Amino acid sequence: MTLIVKKFGGTSVGDVNKIKDIAKNISNSKEIGNDLVIVVSAMGHSTDNLNRLAASITSNPPKRELDMLLSTGEQVSIALLSMALYEFGIPAISMTGSQVGITTESIHGKARILDIKTERINNYIDQGYVVVIAGFQGASLSHTGSMEITTLGRGGSDTSAVALSTALNAEICEIYTDVPGVLTTDPRIVSNAKLLNEISCEEMLELASLGASVLHPRAVEIARNYGIKLYVKSSSENSSGTLLKSKIKPLKLKRGSLELTKTVNSLEILEDQAIFSLSHIPDRPGIAATIFESLSKAGISVDLIIQATHDGKSNDITFSVSESNLENTKEQCENIISKLGGKYIFKQSMTKLSIQGAGIMGRPSVCAEFFDTISNANINVSLIATSEIKVSCVIESSNINKAIRLIGEKFKLADEQIIMNPSIMNTDEPEVRGIALDKNQVQITLRNIPDKPGVAASICFALAEGNLIIDTIVQSERVSALKTKDISFTINRDDRKYADAIFQSLIKSWPNSFIEDGPSIAKVSVVGAGMASKAGTAAKIFRSLANYSINIEMIATSEIRTSCIVFEKDCKKAVNAIHEFFELDK
Ligand code: ADP
Ligand code: ASP
Ligand code: MG
C-alpha cells in the first residue's frame, strides 16, 4: 500500500460543496488502495475573519489567546470533511494537532515543529481509516509542563502536511490548491503565467519566501531536507501539477528536531573581488539598466548588486566584480559618470564570504551571529546580501584567514564544509524561472548610523531578539562627513509595530541616528538557478522595468535572485513587464 499525504487549502474547502468534492477525490484514491492522511486548512477566509474578530476587541491580542482562536478554523474543516467521507462510505477520523501529538516550540504565532507522534495515526491507518488532521497547529509544553495550543504561521498547513509526510515516511505528499501547480508567477497578476512541471527546492524556497503564497516556505525547507516527493496540484481540475526537485542528500530525521536542523552547512569564500560604488547618480527610470547594460556589453560579469535609497534625487549603486575585470570596470565607470554625473570609488583586494544552509531561513539570529563573529575580530563588512539560504558579505582580503577560522568555529564547520573559490557552474537552468511579488513588506531606513564594525550585527541581533525577520537589507556605501552611513531594509508589515521599540533602544547610543519609514513599496523578485552563470540577466531585468518607466527604489541580489523594490503603484506592471521581457509564457 502506498501512503499518501494530501493537503487541501482554504479555497479547496471553501464551502460544503467543495468539501463534498474533495471527499469524492479522497474516496477515489482510497478505493484504488492507497493509505491516506489528509491535512486541511480552515474554510475559505475564515482565518482572516477570526483575526478580524480579535482585532475588533483589541489591537494587541495576547498571542496565546490568538492561537487559541485561530486554531479553531481548522477544527471546523476536519470535522466536516470526516462527515463528508462517511457519506461516501469511507471510515474517517478527524484529529487536532494536539490529539496527534504535533509538538512545537513554545512560541505563539510562528512555532516550528519539533516532533510528531505517529503511533495513533498508524493505528487508525491499519484499521482502514482515512485520518484527517488539522493543519497549521500543534502543541507546545509550557515551562510548567502543561500543554499549550500553538500555530505555525499564516499558510502553515503546507508545513503540517510535509512534516507529517516526513514523520510517517509517506511515499508522496500532494498539496492541492486553487491553481494547477506552481506557475511562473501569480496568475492573479499575470493572466498568461505558465505551469512549471518541475522546480528545484532552492528556487521554490526563494519564490515562496519572497511572496509566492502557493507554498509555505518552511514546507519547502522540510521537503528539501528530508527528500520528500512533493507535488503541487489543482483540487478542481485534473493536472499533473508541479514536482519539487532536490539535489541534496536527504537528512536522517532526528526525534525532537524535525524543523530544527543544523542552520549553516557551508562557508564559501570567493577571493580576488573588487567592489565599485557609484554614488550621486540620478534617481530615475532606466539608470540601473544603462549601467548594467554597459558592463554586460564590455563582457564584465557582475556578482552582487545593491542599490540603497537616498535623500534627495540621487542614488548609490554598489556591485562586485572579479578583480581580473578591475581596469575594464574602471573604464566603464568613467564612461558612465561622464554621461550620468555622480562619482565612483572602488576597493580592490576584497573577498566575499557566504554562509549557506536551509536553516538560515526565518532565523534572524544566524545572520546576527555571522556579522557578530566578523565584527568581534574588528573586521568591517562592505557589502551585505541576504537570501533565504545564504548570507554574504564582502571584507578586505587581509582579514580572510582570521574570518574563516572564527566563522568555522562559530558554526562548527569541518574543513570540507569550507569551500574556497567555488566555480560557478554553467548550467542549462533558465536564468529566470519565476517571479514573486510581495506586497506585505514595508521599508525602513536607519539614518546616520556609525560606520564601524559591529553595527550590522547589532541591528540583526536587535531584530532577532524581537523575532522579527528582516528581508532585503541594503547598506549604503556613501559615508557622510560625520563618518556615518544609512542602512535600509524591509520587514513584514505586521512586524512594523514592534520595530520602533526595538530600534529606539538600539540607536540611543548613536548620536544623530533616526528611523525613517520609506514610501509605500512592494518587492518584485526574479528567481532562476541559471542567473549566476549567464551574464547580463540583471541588466535585462532593469531594462524591462525601464521600458515601462518604472523607477527602482532599492536593489538586492544573491546568486539565484534579483529583487527590486518599486513603488507599490507600479508593482503589478513591473511583474508583467519582466514576465513579458523574458517570454515566460512561452
Ligand atoms: P491554499 O488556500 O490552497 O493554501 P493559497 O492562497 O495559500 O492557497 O495559495 C494559492 C495561491 O497562490 C494562488 O491562488 C495564487 O494566486 C498564488 N500564487 C502566488 N504565486 C504563485 C505561483 N508562482 N504559482 C501559483 N500560484 C501562485
Ligand atoms: N488557515 C491558515 C491560514 O489561513 C493556514 C493555511 O491556510 O495554511 O493562514
Ligand atoms: Mg496556502
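Let me sum up the structure you'll find in this document.

### Re the overall build of the protein
Turning to step 1, where the next piece is worked out: Counting secondary structure elements, the protein contains 16 helices and 27 strands.
Turning to step 2, where the next piece is worked out: C-alpha extents for the protein along the principal axes are approximately 75 × 55 × 50 Å.
Turning to step 3, where the next piece is worked out: Looking at the protein as a whole, 59% of its 586 residues qualify as buried.
Turning to step 4, where the next piece is worked out: For the protein, the exposed surface amounts to about 23900 Å²; the carbon and sulfur share of it is 50%.
Turning to step 5, where the next piece is worked out: Charged side chains of the protein number 61 positive and 66 negative; the gap between the two group centres comes to 1 Å.

### What about the pattern of salt bridges?
Turning to step 1, where the next piece is worked out: Applying the stated criterion across every chain, the model contains 27 salt bridges.
Turning to step 2, where the next piece is worked out: The closest approach of N and O atoms between Glu259 and Arg112, which form a salt bridge, is 4.0 Å. Here Glu259 is found in the loop between β12 (242-245) and β13 (266-282), whereas its partner Arg112 is found in the loop between β4 (102-104) and β5 (113-116), with 147 residues between them in sequence.
Turning to step 3, where the next piece is worked out: Overall, the relative accessible area of 3% leaves Glu259 in the buried class.
Turning to step 4, where the next piece is worked out: Residue classification places Arg112 among the buried positions, given a relative accessible area of 6%.
Turning to step 5, where the next piece is worked out: The partner of Arg224 in a salt bridge is Glu202, with the nearest N and O atoms 2.7 Å apart. Placement of Arg224 in helix α8 (residues 217-226) and of Glu202 in helix α7 (residues 201-209) is noted, with a sequence separation of 22 residues between them.
Turning to step 6, where the next piece is worked out: Here the salt bridges share partners, and the residues they tie into one network are Arg112, Arg218, Glu221 and Glu259.

### Here we look at unusual backbone geometry
Turning to step 1, where the next piece is worked out: Its identity as a non-glycine residue notwithstanding, Ser349 has a phi of 55°, on the positive side.
Turning to step 2, where the next piece is worked out: Within the element layout of this structure, Ser349 appears in strand β16 (residues 343-356).
Turning to step 3, where the next piece is worked out: By relative accessible area, which is 39% here, Ser349 ends up partly exposed.
Turning to step 4, where the next piece is worked out: The phi dihedral of Asn378 falls on the positive side, at around 65°, and the residue is not glycine.
Turning to step 5, where the next piece is worked out: Of note, Asn378 is situated in the loop between α11 (364-376) and β17 (383-386).

### Focus: the pairing of strand β21 (residues 441-450)
Turning to step 1, where the next piece is worked out: For β21, a buried count of nine out of 10 residues is recorded, marking the element as mostly surrounded by other parts of the structure.
Turning to step 2, where the next piece is worked out: As defined by bridge partners, β21 adjoins strand β23 (residues 484-492) across eight bridges and the pair is classed as antiparallel. Looking across to β23, one finds that Gln443 is bridged to Thr490.
Turning to step 3, where the next piece is worked out: Pairing of β21 with strand β24 (residues 514-517) involves four bridges; the strand directions are antiparallel. Following the sheet pairing, Arg447 is matched in β24 by Phe514.

### Digging into the pairing of strand β14 (residues 302-308)
Turning to step 1, where the next piece is worked out: Taking burial as the measure, the seven residues of β14 include five buried ones, the bulk of the element.
Turning to step 2, where the next piece is worked out: In this sheet, strand β15 (residues 314-322) lies alongside β14 in antiparallel orientation, the contact comprising five bridges. Within the sheet, the bridge partner assigned to Ala308 lies in β15 and is Asp316.

### A short note on the site of ligand 1
Turning to step 1, where the next piece is worked out: The immediate surroundings of ligand 1 are formed by 18 residues, with Thr177, Asp178, Leu183, Asp186 and Arg188 found nearest.
Turning to step 2, where the next piece is worked out: In the model, an oxygen atom of ligand 1 is placed 2.8 Å from a nitrogen or oxygen of the Asp178 side chain.
Turning to step 3, where the next piece is worked out: Between ligand 1 and Ser213 there is a distance of 3.2 Å, counted from an oxygen atom to a side-chain nitrogen or oxygen.
Turning to step 4, where the next piece is worked out: For ligand 1, the accessible surface in isolation is 580 Å², of which the surrounding protein chains cover 88%.
Turning to step 5, where the next piece is worked out: Looking at the shell around ligand 1, its residues break down into seven nonpolar, seven polar and four charged.

### Details of the site of ligand 2
Turning to step 1, where the next piece is worked out: Ligand 2 sits among Ser41, Ala42, Thr47, Glu74, Phe136, Arg154, Gly155, Gly156 and Ser157.
Turning to step 2, where the next piece is worked out: Here Thr47 contributes a side-chain N or O atom positioned 2.8 Å from a nitrogen atom of ligand 2.
Turning to step 3, where the next piece is worked out: With the chains in place, 87% of the 270 Å² that ligand 2 exposes on its own is no longer accessible.
Turning to step 4, where the next piece is worked out: A breakdown of the residues in the shell around ligand 2 according to their chemical character gives two nonpolar, five polar and two charged.

### Focus on the side chain of Thr373
Turning to step 1, where the next piece is worked out: Mapped onto the elements of the fold, Thr373 is located in helix α11.
Turning to step 2, where the next piece is worked out: A relative accessible area of 10% means that Thr373 is categorised as buried.
Turning to step 3, where the next piece is worked out: Not counting residues up to four positions away in its chain, the partners in contact with Thr373 are Leu406, Ile407 and Lys410.

### A few points about the environment of Asn448
Turning to step 1, where the next piece is worked out: Relative to the helices and strands, Asn448 is located in strand β21.
Turning to step 2, where the next piece is worked out: Once residues within four sequence positions are removed from consideration, Asn448 is found in contact with Thr484, Lys485, Asp486, Pro511, Asn512, Ser513 and Phe514.
Turning to step 3, where the next piece is worked out: Here Asn512 takes part through its backbone oxygen, which lies 3.1 Å from a polar atom of the side chain of Asn448.

### A few points about helix α15 (residues 537-547)
Turning to step 1, where the next piece is worked out: The buried fraction of α15 is high, at eight of 11 residues.
Turning to step 2, where the next piece is worked out: Buried residues of α15: Thr537, Ala538, Ala539, Ile541, Phe542, Ser544, Leu545 and Ala546, and no others.
Turning to step 3, where the next piece is worked out: Those residues of α15 that are buried are in contact with α9 (287-297), β14, β25 (521-527), β26 (554-558), β27 (561-567) and α16 (571-581).
Turning to step 4, where the next piece is worked out: Of the residues trailing α15, Ser549 is marked for its positive phi of about 55°.

### Details of the packing of α11 against helix α13 (residues 455-465)
Turning to step 1, where the next piece is worked out: Relative to each other, α11 and α13 sit at 155°, their axes nearing to 8 Å. Judged by the inter-axis angle, α11 sits roughly antiparallel to α13. Between α11 and α13 the crossing geometry is left-handed. For the pair formed by α11 and α13, the contact residues are Pro364, Ser365, Cys367, Ala368, Glu369, Phe371, Asp372 and Ser375 on the first element and Ala456, Ala457, Cys460, Phe461 and Ala464 on the second.

### Points about the environment of Gly73
Turning to step 1, where the next piece is worked out: In this fold, Gly73 is placed in helix α3 (residues 63-87).
Turning to step 2, where the next piece is worked out: Ignoring any residue separated from it by four or fewer positions in sequence, one finds Gly73 in contact with Ala42 and Leu50.

### Re the packing of aromatic side chains
Turning to step 1, where the next piece is worked out: Inspection of every chain in the model, using the stated rule, returns 10 aromatic pairs.
Turning to step 2, where the next piece is worked out: With a centroid separation of 5.2 Å and 80° between ring planes, the pair formed by Tyr124 and Tyr129 is classed as edge-to-face.
Turning to step 3, where the next piece is worked out: You can call Tyr129 partly exposed: its relative accessible area is 21%.
Turning to step 4, where the next piece is worked out: Aromatic pair Phe276 and Phe319: ring centres 5.8 Å apart, planes at 10°, arrangement stacked. Remark: Phe319 occurs in strand β15 and Phe276 occurs in strand β13; sequence separation between them is 43 residues.
Turning to step 5, where the next piece is worked out: Classification of Phe319 by relative accessible area gives buried; the value is 0%.
Turning to step 6, where the next piece is worked out: Taken together, the ring pairs in this structure connect Phe276, Phe292, Phe319, Tyr344, Phe346 and Phe542 into an aromatic cluster.
Turning to step 7, where the next piece is worked out: Over the ring of Tyr498 we find Lys63, and its NZ or CZ is 5.1 Å from the ring centre.

About the criteria used
Note that residues are indexed from 1 along each chain, following the sequence as it is written. Labels follow written order: the first chain is A, the first ligand is 1, and so on. Reporting in this predicted model follows two pLDDT cut-offs: at least 70 for local features of residues, and 80 or more for side-chain atom pairs to be given and counted; totals over whole chains, interfaces and linings ignore these cut-offs and use all residues. Only heavy atoms go into the side-chain values, all of them from the structure, while hydrogens and water stay out. Counting from the N terminus, the helices are DSSP H or I runs at least four residues long and the strands are E runs at least two residues long. Throughout this description, buried means an accessible area under 20% of the type-specific maximum (1.4 Å probe, protein chains only), exposed means over 50%, and partly exposed covers the range between. To be clear on the numbers: accessible area is Shrake-Rupley with a 1.4 Å probe, and residue cover counts the displayed protein chains and nothing else. In this charge count, Lys and Arg are treated as positive and Asp and Glu as negative; neither His nor the chain ends contribute. We put the charge of a Lys on NZ, of an Arg on CZ, of an Asp on CG and of a Glu on CD. For this analysis, a salt bridge means a side-chain nitrogen from Lys or Arg found within 4 Å of a carboxyl oxygen belonging to Asp or Glu. A pair of strands counts as paired when DSSP detects no fewer than two bridges linking them. Proximity criterion: a residue is near a molecule or strand once any of its heavy atoms comes within 4 Å of it. Here a polar contact is recorded for every N or O atom pair within 3.5 Å, except that within protein the pair must consist of a potential hydrogen donor and a potential acceptor, and residues adjacent in sequence are included only if both atoms are side-chain atoms. Polar here means any residue other than Ala, Val, Leu, Ile, Met, Phe, Trp, Tyr, Cys and Pro, which are nonpolar, and Asp, Glu, Lys and Arg, which are charged; Gly is therefore polar. Note on contacts: a residue pair qualifies if any of its non-hydrogen atoms lie within 4.5 Å across the two residues. Each axis is a line fitted through C-alpha atoms, and for a helix only the stretch in contact is used; angles between axes span 0 to 180 degrees, taken between their N-to-C directions. Each angle receives one of four descriptions, namely roughly parallel if under 35 degrees, roughly antiparallel if over 145, roughly perpendicular if within 65 to 115, and oblique otherwise. Whether a crossing is left-handed or right-handed is set by the direction in which the near helix is turned from the far one by less than a right angle, anticlockwise for left-handed and clockwise for right-handed. Each Phe, Tyr or Trp ring (for Trp, its six-membered ring) is paired with any other whose centre lies within 6.5 Å, and the angle between the two planes then decides the class: stacked below 30 degrees, edge-to-face above 60, tilted in between. We call a charge positioned over a ring when the NZ of a Lys or the CZ of an Arg lies within 6 Å of the ring centre and within 35 degrees of the ring normal.

Shape is all these values report; function is a separate question.
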